[in-house]
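# Overview (structure and organization)
One letter stands for each residue in the lines below.
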Amino acid sequence: MVAHPLVMKNATKFFGGFLAVNQMSFEVPNGKIVGFLGPNGAGKSTSLRMALGVMNPDSGSAELFGGPPVPSSLARVGFLPEERGLYKKMTPRSSIAYFAQLKGMSSREAHNRADELLKTAGLQNFARTKNSKLSKGMAQKVQILSTLAHRPEFLILDEPFSGLDPVNQQELEDLIRAEHERGATILFSTHVMEHAERLCDSIIMLARGEKVFDGTLNEAFATLDRGVRIELSSPDFDLGVTLAAKGYRAHRDSGDSSETEHSVWHIALDPGQDAQDVLRASIETGAPISSFAPDDARLRDVFVKFAGPQAAKALDASAIRDEAA
Amino acid sequence: MRNIFLVFRRDYIGYISAWGFWLGLAALPILALLGASLGAFAASTTPARYYTVIEAGDAYATEIERQFQRLRADLAKQTEALTEGLSATAANPAAISVTAESIPPKFIAVDPPGRTIDELRPWLLGEKLILGPDGEKPLFAAIIVPDGDRPIEYWSDNVTVGELRRQVEDADKAIARSAFFEAQNIDPDILRQANDVARDVIEQKIRTVEEQETTGNEVTFSDQAPYFMSIGIAFMLWFMIFSVIQYLLMNTIEERSNKIFDTLLTSVRLPQLLAGKLAAVFGVTLTMMGSWGLFGLGAFLLGATSAPAEMMEPVWLGLRTMARPDILITAIISLVLGYLMYGVIFVAIGSLCDTIQEAQTLVSPLMMLLMLPLVAISFTISDPNSAFVSAVSWFPLFTPFLLILRIPTAPPAMEVIAQLGLMAVTTALVLWLATKVYRAGAVHGAGISDATDWVKRVIPGLGKAKQTPAE
């Protein structure tokens with residue numbers, strides 16, 4: 001058993017003159033859940049496709065189970081692509097069995113496994129319905145089951161939550177945890193930080209085709225300053241200027257809009273500084289405070305810190321597009 | 001190999017479980033039966049038509065009838081010659097006796113119901129029926145022969161059937177010639193005798209002395225069978241290839257639009273996927289051919305037990321011709337290479353398109369180009385040695401359909417090998433290029449506009465290409 005099912009070494013990919021992925025290096029440790037985070041266009045899918053040998057890097061390399069991605073190593077991987085689909089004229093049972101057989105299962109074993117998975121997912125009554133007649137949610141479940149059918153050691157899920165309703169997102173989170181408990185290593189890409197916060201042991205953050213952070217969740221949060229969060233009932237009051245005069249570093253929330261009737265400010269606490277002092281100083285400036293709380297560290301803030309506010313806006317836009325879809 | 005087989009099996013089952021496949025499978029036998037039945041029905045139901053001749057005396061009526069008698073006698077003679085030719089090669093020869101009297105007339109003369117065209121008009125327009133040997137019918141035509149040098153008038157409502165009019169012209173020539181000889185005081189019997197001494201021209205085929213001793217010199221059906229069979233095979237190859245490659249196009253478009261490529265390509269290598277797909281449609285081709293072959297065999301066995309041996313002889317000859325190694329090997333190579341060449345082109349086109357409409361813009365010009373082999377095949381029917389066919393068969397895209405047409409003319413072996421080699425090299429090149437396009441479409445999501453950009457990059461001066469989008 002290798003320590004790292006996937007190792008990317010300086011993988012670079014151009015599309016024409018466009019640099020899609022630049023010098024991408026990371027390792028996915030065995031038995032861990034790793035989040036691959038970044039907005040649309042950050043190079044997540046291209047990196048994953050290079051990892052699986054669907055496309056070759058222009059320079060650098062991808063090692064799957066200690067070697068190049070070849071059929072024997074790919075048979076140990078379950079891949080759910082971002083753009084996923086099913087053969088419309090096949091049934092869920094035959095679809096799952098077909099992909100399982102392509103991964104090396106015998107016909108009988110694959111069909112038995114398909115029956116088992118469909119029953120677990122509550123789709124046994126649709127086992128022989130044509131895929132074209134399934135609802136979108138059912139079809140997505142069948143696609144996910146097809147990925148798991150051959151009991152892969154390593155699951156690579158590209159935007160698995162995309163297009164799922166909250167109930168199905170929760171079911172998928174449970175499924176990922178179950179696969180992890182089974183012993184599978186999981187790498188999934190997402191632009192929704194909350195999924196990563198709930199599921200991941202470690203994260204890799206991407207922006208503009210480059211890796212900007214690679215580490216555990218704790219390491220990610222440790223990069224953020226201690227601080228407090230102050231919400232003001234007026235959007236016009238500039239708390240940053242007034243607190244700066246008293247030696248505090250404050251910035252307005254990047255997701256805040258000038259059109260709202262309130263504003264949110266984050267104040268970093270340097271060593272020796274205290275939350276109570278910040279509150280007192282804010283009151284003294286006459287700020288219309290509506291709430292005051294310790295600032296919870298969020299992955300989004302980590303992303304802003306490493307990728308910058310522009311990348312964060314792209315991340316938010318991706319989430320909005322996903323919700324609209 | 002296992003994954004190629006799995007892709008093959010999935011695609012193959014997908015094709016043969018579709019209604020379209022069974023309709024296509026049934027179409028050929030049904031059309032063949034329908035065509036044969038309709039032909040026989042049309043021949044048997046073509047009515048004898050009535051005509052009348054208005055003249056002073058009966059010279060024209062008699063001469064026209066004599067012309068028809070001679071035509072029927074010629075037809076009887078040709079039919080007997082054909083059966084004799086077949087019997088010469090049959091194991092159990094049996095003559096079929098055909099006489100002029102046994103061939104029903106197409107036109108029957110009746111007494112004129114009037115003397116002028118105005119009087120005849122209601123019968124010619126079908127408003128009135130005239131009683132004749134075949135019962136009551138409209139008058140098909142009236143021939144009015146005026147006195148003197150004025151032209152003969154041929155009246156009919158039907159302007160497409162010209163056979164009777166031609167007989168009238170021939171009769172007029174015969175009568176004029178006879179009158180000329182009489183005017184020159186030459187006995188008409190002498191003219192008739194002069195006509196009788198005219199000799200027949202017998203078509204013979206030059207053979208080696210040994211062949212001549214065993215088969216004789218006369219041209220028989222077995223000499224013509226290879227030409228007929230090669231034309232049939234060429235048509236069949238064209239039909240087979242163009243009826244099945246549509247499957248590849250549709251299937252690839254479906255996989256692209258259903259976004260299955262990424263899932264497939266992490267389980268199957270791209271060449272394996274392509275090989276499985278091509279094998280599946282080739283399997284469909286073989287299934288169709290096998291089914292039609294079984295249908296033909298059934299028809300043959302049915303015919304063999306119920307039809308006279310002479311009637312089955314052309315079928316035997318056809319089968320023997322098919323088994324000729326030069327024809328059989330050329331047909332097999334042409335089918336395989338032709339299928340591969342066109343198959344991968346259609347797969348490549350399909351991989352660039354999300355919809356059938358998109359594909360049509362690329363397929364339509366290609367289909368128009370590929371109508372040219374059909375034109376060449378029709379040339380071969382009138383002249384198997386046509387220089388046009390010889391020249392066009394060197395174009396590799398047409399070689400699969402046209403080389404087979406040249407085999408019965410015994411072209412030089414080196415020429416055949418060169419054409420087969422050129423076809424094989426072209427197929428390899430097309431396969432290589434189409435695989436690259438397929439990869440671009442399947443892996444990189446390239447579309448028609450990207451293909452256009454690529455052409456612009458390759459051909460300078462066509463404009464600046466745009467960049468391929470990432471992710």
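Residues numbered from 1 in each chain as written. Chains lettered and ligands numbered in written order. Predicted model: local features only at pLDDT ≥ 70, side-chain atom pairs only at ≥ 80, totals over all residues.

What follows is about the sheet that holds strand β5 (residues 139–144) of chain B. Residues and elements named next belong to chain B. Spatial ordering of the open sheet is given by β2-β1-β5-β6, a layout of 4 strands whose pairing is mixed. The sheet is open, and its two edges are formed by β2 (107–109) and β6 (153–156), each paired on a single side. Direction aside, neighbouring strands of the sheet carry axes that sit 25° apart on average. Across the sheet, helix α4 (residues 117–124) is in contact with β5 and β6; its angle to β5 comes to roughly 160°. (Pairing = 2+ DSSP bridges. Helix = DSSP H or I, 4+ residues; strand = E, 2+ residues; numbered from the N terminus. Axes fitted to C-alpha atoms, helices over the stretch in contact; angles between N-to-C directions. Contact = placed C-beta atoms within 7 Å.)

Below, the discussion takes up the confidence of the model for chain A. This prediction gives chain A a mean pLDDT of 85; 94% of its residues lie at or above 70. Per-element averaging of pLDDT across chain A places helix α12 (residues 309–324) of chain A at the bottom with 68 and helix α3 (residues 92–102) of chain A at the top with 93. (pLDDT = per-residue confidence, 0-100.)

Residue and element names in this part refer to chain A. An ideal rise of 1.5 Å per residue puts 18 Å on 13 residues; helix α5 (residues 136–148) measures up with 19 Å between its terminal C-alpha atoms. Taking burial as the measure, the 13 residues of α5 include 10 buried ones, the bulk of the element. Those residues of α5 that are buried are in contact with β5 (77–80), α3, α4 (107–120), β6 (154–158) and α6 (166–182). (Expected span 1.5 Å × (residues − 1). Buried ≥ 20, exposed ≤ 12 C-beta atoms within 10 Å, placed from the backbone.)

A word on the pairing of strand β12 (residues 263–269) of chain A. Residue and element names in this part refer to chain A. Two elements, strand β10 (residues 226–232) and β12, share 7 bridges in a ladder whose sense is antiparallel. Residue E231 lies in a different strand from β12, and its bridge partner there is V264. Where strand β11 (residues 249–252) and β12 come together, 4 bridges link them in antiparallel fashion. Residue pairing for β12: A250 is matched across the bridge by I267.

Further remarks concern the confidence of the model for chain B. All names here are of chain B. For chain B, per-residue confidence averages 80 on the pLDDT scale, and residues scoring 70 or more make up 89% of the total. In this model residues 87–95 is a low-confidence stretch, pLDDT under 50, and it forms 18 contacts with partners more than four residues away in sequence or in other chains. Contacts for the low-pLDDT stretch residues 465–471, under 50 throughout, to residues beyond four places or in other chains number 24 contacts. Both scores are available for the predicted complex, with the pTM at 0.71 and the ipTM at 0.73.

Contacts between the two partners involve 29 residues from chain A and, on the opposite side, 20 residues from chain B. Of all elements in the fold, only β2 (18–28), α1 (44–51), α2 (71–74), β5 and α3 of chain A reach the threshold of two or more residues within the side of chain A that touches chain B. Top element by residues in the side of chain A that touches chain B is α3(A). It accounts for 4 residues.

A separate point is the environment of W316(B). Residue and element names in this part refer to chain B. Here W316 is to be found in helix α11 (residues 309–322). In this structure W316 comes out as partly exposed when scored by C-beta crowding, with 18 C-beta atoms within 10 Å. For the pair W316 and L33, spaced 283 residues apart in the sequence, the C-alpha separation amounts to 20 Å.

Time to look at the packing of helix α16 (residues 399–406) of chain B against helix α17 (residues 413–444) of chain B. Residues and elements named next belong to chain B. Where α16 meets α17, the closest approach of the two axes is 11 Å, and the angle between their N-to-C directions is 170°. In terms of orientation, α16 lies roughly antiparallel with respect to α17. Contact residues: T399, P400 and L403 in α16; V416, Q419, L422 and M423 in α17. Taken together, the residues of the contact of α16 with α17 break down into 5 nonpolar, 2 polar and no charged. (Parallel < 35°, antiparallel > 145°, perpendicular 65-115°, else oblique. Nonpolar A, V, L, I, M, F, W, Y, C, P; charged D, E, K, R; others polar.)

Looking now at the environment of D301(A). Residues and elements named next belong to chain A. Following the sequence through the fold, D301 ends up in helix α11 (residues 299–307). Under the C-beta neighbour-count criterion, D301 is labelled buried, with 22 such atoms within 10 Å. D301 sits 78 residues away from T223 along the chain, and the two C-alpha atoms are 9.7 Å apart.

Now for the environment of V344(B). All names here are of chain B. By the element assignment, V344 lies in helix α12 (residues 325–351). The exposure class assigned to V344 is buried, which follows from the 24 C-beta atoms found within 10 Å. For V344 and K277, which are 67 residues apart along the polypeptide, the C-alpha to C-alpha distance reads 9.7 Å.

Residue and element names in this part refer to chain A. Strand order in the open sheet made by the 3 strands is β2-β1-β4, with antiparallel pairing throughout. Looking at strand neighbours, the two that pair on one side only are β2 and β4 (59–64), the edges of this open sheet. Direction aside, neighbouring strands of the sheet carry axes that sit 20° apart on average. Strand contacts of α1: β1 (6–15), β2 and β4, with the helix running at about 120° to β1, the strand carrying the most contacts.

Glycine aside, the phi torsion of most residues is negative, and most peptide linkages are trans. All names here are of chain A. Not every positive phi belongs to a glycine, and N10 is a case in point at roughly 50°. Take N10: it is sitting in strand β1. C-beta crowding within 10 Å serves as the criterion here: with 12 such atoms nearby, N10 is assigned to the exposed category. Here the phi dihedral of F65 falls at roughly 55°; this positive angle occurs in a residue that is not glycine. One can find F65 in the loop between β4 and α2.

Residue and element names in this part refer to chain A. Helix length check: α4 (14 residues) gives 20 Å between terminal C-alpha atoms against 20 Å at 1.5 Å per residue, within 8%. Regarding α4, the residues found buried are A110, A114, L117 and L118. Buried positions in α4, seen along its axis, are confined to an arc of 95° and lie on one side of it. The outward face of α4, more than 90 degrees from its buried face, is lined by the exposed residues R108 and K119. Considering only its buried residues, α4 is in contact with α3 and α5. A positive backbone phi angle near 75° is found at G122, which sits one or two residues after α4. (Arc of directions from axis to C-beta.)

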